[in-house]
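# Results of the structural survey
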Amino acid sequence: MQDTDARGSSPAFLQPQNGSSHRSSGYIPGRIAPLRPPPPSQSHAAAEFTSARQEARTRLPSLPVDQHRRQAEANRHKNTLICFAISSLSLFVALGIFLGIASKYAPDENPQFPHVGEVIDGVDMRAEVGVLTRNILIKGETENTCYREKECQFFNYDTFGGHIKILKNFTSVHLSYVELKQMGQQQIGSYPVHFHLCGDVDEKGGYSFKTYLEGLSIHHCFSRCVTVHGTNGLLIKDTIGYDTLGHCFFTEDGIEQRNTLFHNLGLVTKPGTLLPTDRNSSMCIGIRDKVYGSYVPVPATDCMAVSTFWISHPNNHLINNAAAGSQDAGIWYLFHRVATGDSHSLAIETKSELTPLGIFYNNRVHSNFKAGLFIDKGVKTTNASVDDPREYLCLDNNARFRPHQDADPEKPRVAALIDRLISFKNNDHGAWVRGGDILIQNSGFADNGIGLTFASDGSFPNDEGASQEVSESLFIGESKNYGFPGGQNKYVGTGGIDNKARTLPRNRTFPIRGFQIYDGPIHLTKCTFKNFVPTPDRFTSAVGFLMKNPWQMTPKNNISHVKFGPNVSLKAFFGKPGPWFDEGDLDGDKNSIFHDLDGSVTDYKDTYVGRMDNYLIQHPKCINITEWSGVVCSGTYAQVYVQTWNGQNLSMTIVRDEYPASPMVLRGINQRAVFQQYQPVVMLQKGYTIHWNGRAPNVTYLYLINFNKNDWIRVGLCYQPNTDFAIVLETFQRRSSALSSKVERYVPVSSMMELEKNRSDKKFYFDNSTGLLFLFLQAKYNRDGHSYCSSQGCERIKIVTKDSAKGISNCMAKAYPKYYQGPTVIKQMPVKTTVPCTKCGTTQMVFTSDPHKNYLLVQINSTGKKELSRGQQAFISVNGTMFSFKDNGILIVVVDACIGTVSGKRLFSGVDIKHLDGYLTSGIPQRSVVLLSTRGDVAIPNNLSEALMSLGTAKPPYLQSNGSLAFLGFRGNFKPSWIKLFTGPAGHGLVQIEKYIPLQLEEYGCARAIKSRRKDLELLKKATQSH
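Structural notes, computed from the coordinates.

Parameters at a glance
Residues numbered from 1 in each chain as written. Predicted model: local features only at pLDDT ≥ 70, side-chain atom pairs only at ≥ 80, totals over all residues. Heavy atoms only, no water. Helix = DSSP H or I, 4+ residues; strand = E, 2+ residues; numbered from the N terminus. Disulfide = S-S within 2.5 Å. Buried < 20%, exposed > 50% of the residue type's maximum accessible area, 1.4 Å probe, protein only. Polar contact = N/O pair within 3.5 Å; in protein donor to acceptor, adjacent residues only side chain to side chain. Contact = heavy atoms within 4.5 Å. Phe/Tyr/Trp six-rings, centres within 6.5 Å; stacked < 30°, edge-to-face > 60°. Lys NZ or Arg CZ within 6 Å of the ring centre and 35° of its normal. Pairing = 2+ DSSP bridges. Axes fitted to C-alpha atoms, helices over the stretch in contact; angles between N-to-C directions. Salt bridge = Lys/Arg side-chain N within 4 Å of Asp/Glu carboxyl O.

### Considerations on unusual backbone geometry
- Cis geometry is found at the peptide bond from Gly-436 to Asp-437, where omega equals -5°.
- Structurally, the position occupied by Asp-437 is in the loop between strand 25 (429–434) and strand 26 (438–441).
- The amide bond that connects Tyr-816 to the next residue, Pro-817, takes the cis arrangement and shows omega of 15°.
- Looking at the secondary structure, you find Pro-817 in the loop between helix 7 (812–815) and strand 56 (855–862).
- With a phi close to 50°, Leu-197 is a non-glycine residue in the positive phi region.
- Examined against the element boundaries, Leu-197 turns out to sit in strand 7 (residues 193–200).
- Of note in the backbone geometry, Asn-879 takes a positive phi value of approximately 50° without being a glycine.
- With respect to the helices and strands, the residue Asn-879 is situated in the loop between strand 57 (875–878) and strand 58 (881–884).

So, in C-alpha cells, the structure goes:
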C-alpha cells in the first residue's frame, strides 16, 4: 500500500478511508496559489505532488559525514517552501482544489497484527480500517539519517519535514483529501497543518462558508497532525492522523473555542520534544534548558501527557472521533487558567474551568496507556523561577473543571455531558474525569485496568457542591477479546471467565476495577457489570476504590439500580494489605464508603457499605462481607473536617465511645503544609473522642460536612490539664473566603450533665481529670443539593488555646471506660431483599460506534450427551428471550432480519431430522436470520452441508456424523460477514456462538421507509451553526 518511510517503519494498522469522492456542499472553488518555485531537480524537491502509485523515495548521493551534515543544514530551508503564509494581501489559498480525488483503491497488504472485527460482550471493539494514501501527496524532503544532536538524542531519523502554515485574514481555506507525509518539525510553529492566530474562521469572523479540513491523511509526520492556534470555529472532518510525534489534534493556547472535530481518527501518537506535555520520561529528564537552575523535572507530574486529541478549552465539539494507541491519552481535556503562548499578550480571559463543555458525542478511545479519556489538570502559566523552577507549560495540578452558565460562578451549574463514550483496552483508565457537575451516559467500558474513575471538583472547603453521575452504561471486566501478544501489548497472563491466556492492562497482579470511587459525591445508576472474576494472582471487582488514597471520602457516594452478571465474583472490594494496596492505611482507604440506595449491590436497601475494620460507622447488627473486606450497616452518616494549625505533622486518633478498642488513626493529607486536615466519616447521634500523637494543636477548626439541619455528634478533644480555651461558632463563605458577621461564643459548664441538657446551646465542658474538651456539633441550617455545607455557609467551630504544656495529648487511657457507651442500633437493618430487581442495569444491549443502527444479540449453545450430564444446557437466545429444548435433536429459530422479531421456531428430532434440509432450503422466508442448535449426540444428516450453503457458508462444510453443531446463517441474496458455523465431535465440549447482528440493512433487502435518526449529524449541524 505504501513504501517504507525514512523512519524505517510501515503502518501497524490499516486505517479507515474516512473521506469520500463527492464534493462538499460548502466547497467554493478558487484560484491556485503558487506552492513553490519549480524544483531544480527531483532530489531537491521540497514537496512532491505525485500519484501514490508513482511515489519513489529520494536518495542522496553518498557524502562524507561533515559534508553531508553541511548539505543537510543547507537544505533545511527548502521544507519551508510549502509553508503557506496567508496574510491580508492573499485572496485565496485553494488547497481545496484537491477535493474529491482521494485514493479509492483498497489496501493490498495484510495487516502486521491481527485485529478484532466484532462487537464483543456488548462493546464495539471492531478495529478501525482506513486508507492512508491519496492521489495528491505533499511530502517533506528528509535525509536518510538524523544529523542534529538535539533531535538525535531521541530519534534515529531526520525529523525536519515540511509544513503548511495558515495566517489571519485569508479569504477562504478549504483543504480536502490530501495526503501529508514526513511533515512537521521538532521546533515550535512548524506542523503538518497549522492555523496560526487566525481568530474566528466561521460566520462569526465574517466567513460565509466555514473554514474546514476534510479527508486529510496525515501520517509518519514529525510534529503533530493539525494545530489549532488562536483560531475559533474551524471544522476538522474525516481526517486521519497516524504515527506522529507529539499531541496530534492540538489546540494550543487555551483560548481556542467552537472548533468542531467530526469523525476523525488518530492512531499511534508518540512522544515529541516540543512541550513538556509532549515528552516521555527520558525526554522530560533530558531536556532542561528551560527549567530554573538545577531542577530535574519529574516525568509523572511535569510531562508524560502526549495525547491524540489535546483539548485546552472545553468549548469545542468532539463527535464520532476515534483515538487509539497513544503513549499517554486518547482524548485529554485540560484547562488553562490564563491564555498562554502567543495569545498571552492578548490578555484574553479563558475562563476555561468555568465554561460549559461543548458537544461530546459518540467518541471511542482504546489501546492508550494512561487513559482513554482524561479530564483534569492544567499547565503551568508562569516562567521558571526560583519560586517554581519547573518549565513553562509543564503539566500542572492547578485546575478544577466546574462549569457554570455563562462561565459565571454566581450563576447555576451546567452539567458537562459525556454521551456515548466507548473505551476499551486502555492500560490504566478507560476514563479519568475530575470536576463537576459531570454526567456520563450511554457508554461502554471493557478490558481497562480501571473502567471509570470520578474525582471531585476539589476537596472541602473549596468544592462548592458538585456531583458526578454515570448512568445507562456497561462495564466489562475481561471480555472474550483475548488480545494478541506483541506490538504495544506489554503484559500477558491468564484471566477472564475461562481463565485463558490474554493480554492484560497491567501486570498479572494489578487489581482490575470497573468503576472506581475516589472521593465523591458520585452517583452510579442503571449500569450493568459483567465478567469481573478474580484470579489467584489478583483481585477483580465491579466497584472498587482508589488505592493508597490519602484524600477524603464522602458518605454521599451512592449506587442504585445496578445489575451484576453471573460472572461477577466481587461486586465491591475494599482492598487487602499486599501488592498495590500496601497496608491500606491512608485516610481515604480507611474511610471508603458508599450508600446502597436500593439494595441492588448488597440486597439490603438504604444501607451503607464501608471497610470492615472501620468501627466509626458500625453497630452490632451490621453484616460483614468478608470477601469484599466490607461491612454493610444501616444509619445516617456525615463527615467532620478537622483543620489544625501549629500541629501539621501530627497524627489524629478518633475513637467512637462504643468501640474504644477499635480506634482510627489518621495521618492527615497535607504533611508539609502550614496546616493539616483530617476528614473522618462518622455515624450521627454518637459520641467520639479525638487524640494526638504529640502536643495538641493551638488552633483547631471543626467543620460540619454533609450535616443536615439538626444532625449532631458529640466530640471530646484531648488537651493537657488546665488548658484555657477560646471557642466560637463561625459561618465561613467558601467563595469569598469571608466570615459572617455573626459569631457565637461558647461558654464553659461544669459537668457533662449540664452540657447534655440542650445540644444546641453554645457550651463546652472540659473534664480536667481526663483532659477531654467536650462539645456538641449540631447543624443550624439546611443543606442544599450536593453542597457539603449549609445554604448559609460552612458552619465551623474554632478552638484556640494558649501554648499548653509539653507532652502527648492522648487521653484514651483516662477516657475509657469512663466515657464508654454500650453499642446501640439507632436505625434498624432492613430485611434482605430476595426479589430480583427488574429495572436494574442498563436498558441498552449493545454499545457501538454506529448508534443509529439496531443490533440483535443471538446466542447459541449446543451440547452433546457428555455436556448434558454436566448440567450444560442447549438453547438459542434472541435478545434475551430463551428457546430451550428438552428432547435431543436440532432446533431452528428464524428471525426477521428487518424488524428483529422471531418469525419461526421448529425442533427436528428422531426421524424428523431427515426433513431438516428441505426446511432449510425452502421453508425459510427471504431476509431471515437462521439459528441452529443441537442437543445430544445427534446424527447429522448427510445432505445438511448443501442446505447450509444456501444459508451463507462459502462452501459445503465438513460436518461430524455424530456430534454438536451451532450455526448462524442468513436467507437472502446477500452473504453477511457475520455468518458462523462451529462443529464438535461427540464428547469434545460445548459448542457456542454469540453474535451481535445489525438489523434493517439495505443489503438484506429491507424496505427502509423511515431513515434512522442520525443524532451525530444533527449535532454536527448544531455545532457548526453555533457561535
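Let us keep going from here.
### Some remarks on the state of the cysteines
- A complete count under the given rule lists eight disulfides for this structure.
- Each disulfide pairs two cysteine sulfurs, and for Cys-225 the partner residue is Cys-248, the sulfurs being separated by 2.0 Å. Because the sign of the S-S torsion sets the handedness, a value of about -100° for the bond joining Cys-225 and Cys-248 places this disulfide among the left-handed ones. Residue Cys-225 is located in the loop between strand 9 (217–221) and strand 10 (226–232), and its partner Cys-248 is located in the loop between strand 12 (240–245) and strand 13 (249–251); the two are separated by 23 residues in the primary sequence.
- On the basis of relative accessible area, Cys-248 is assigned to the buried category, the value being 0%.
- A sulfur-sulfur separation of 2.1 Å characterises the disulfide bridge that pairs Cys-789 with Cys-794. The sign of the S-S torsion, about 90°, decides the handedness of the disulfide formed by Cys-789 and Cys-794: right-handed. Judged on exposure class, the residue Cys-789 and its partner Cys-794 are both buried.

### Things to note about the side chain of Asn-316
- For Asn-316, the location among the structural elements is in the loop between strand 16 (307–311) and strand 17 (317–319).
- Here Asn-316 falls in the buried class, since its relative accessible area comes to 0%.
- Within polar-contact distance, the side chain of Asn-316 engages the backbone nitrogen of Arg-258 at 3.3 Å.
- One polar contact links the side chain of Asn-316 to the main-chain amide nitrogen of Asn-259, over a distance of 2.9 Å.
- In contact with Asn-316, other than residues within four places in its own chain, are Glu-256, Gln-257, Arg-258, Asn-259, Ile-311, Gly-358 and Ile-359.

### Structural notes on the packing of aromatic side chains
- Throughout the structure, instances matching the rule amount to 40 aromatic pairs.
- Over the ring of Phe-510 we find Arg-506, and its NZ or CZ is 5.5 Å from the ring centre.

### Remarks on the sheet that holds strand 65 (residues 991–998)
- Strand order in the open sheet formed by four strands is 58-57-56-65, and the pairing between neighbours is antiparallel. Every interior strand has two partners, whereas the edge strands, strand 58 and strand 65, have only one. Strand-to-strand twist of the sheet, defined as the mean angle between neighbouring strand axes without regard to direction, takes the value 10°.
- Two elements, strand 56 and strand 57, share four bridges in a ladder whose sense is antiparallel. Bridge pairing in strand 57 links Asn-861 to Phe-875.

### Some details on the pattern of salt bridges
- One pass over the structure, following the stated rule, counts 45 salt bridges.
- A salt bridge links Asp-121 to Lys-480; its shortest N-O distance comes to 2.6 Å. Taken together, the residues Asp-121 in the loop between strand 1 (119–120) and strand 2 (123–124) and Lys-480 in the loop between strand 29 (468–476) and strand 30 (492–495) connect sequence positions 359 residues apart.
- Residue Asp-606 pairs with Lys-827 through a salt bridge whose shortest N-O separation is 2.6 Å. In this pair, Asp-606 is assigned in the loop between strand 37 (593–596) and strand 38 (607–611) and Lys-827 in the loop between helix 7 and strand 56, connecting sequence segments 221 residues apart.
- Note on Asp-606: relative accessible area 27%, which makes it partly exposed.

All we've got here are geometric facts, nothing functional implied.
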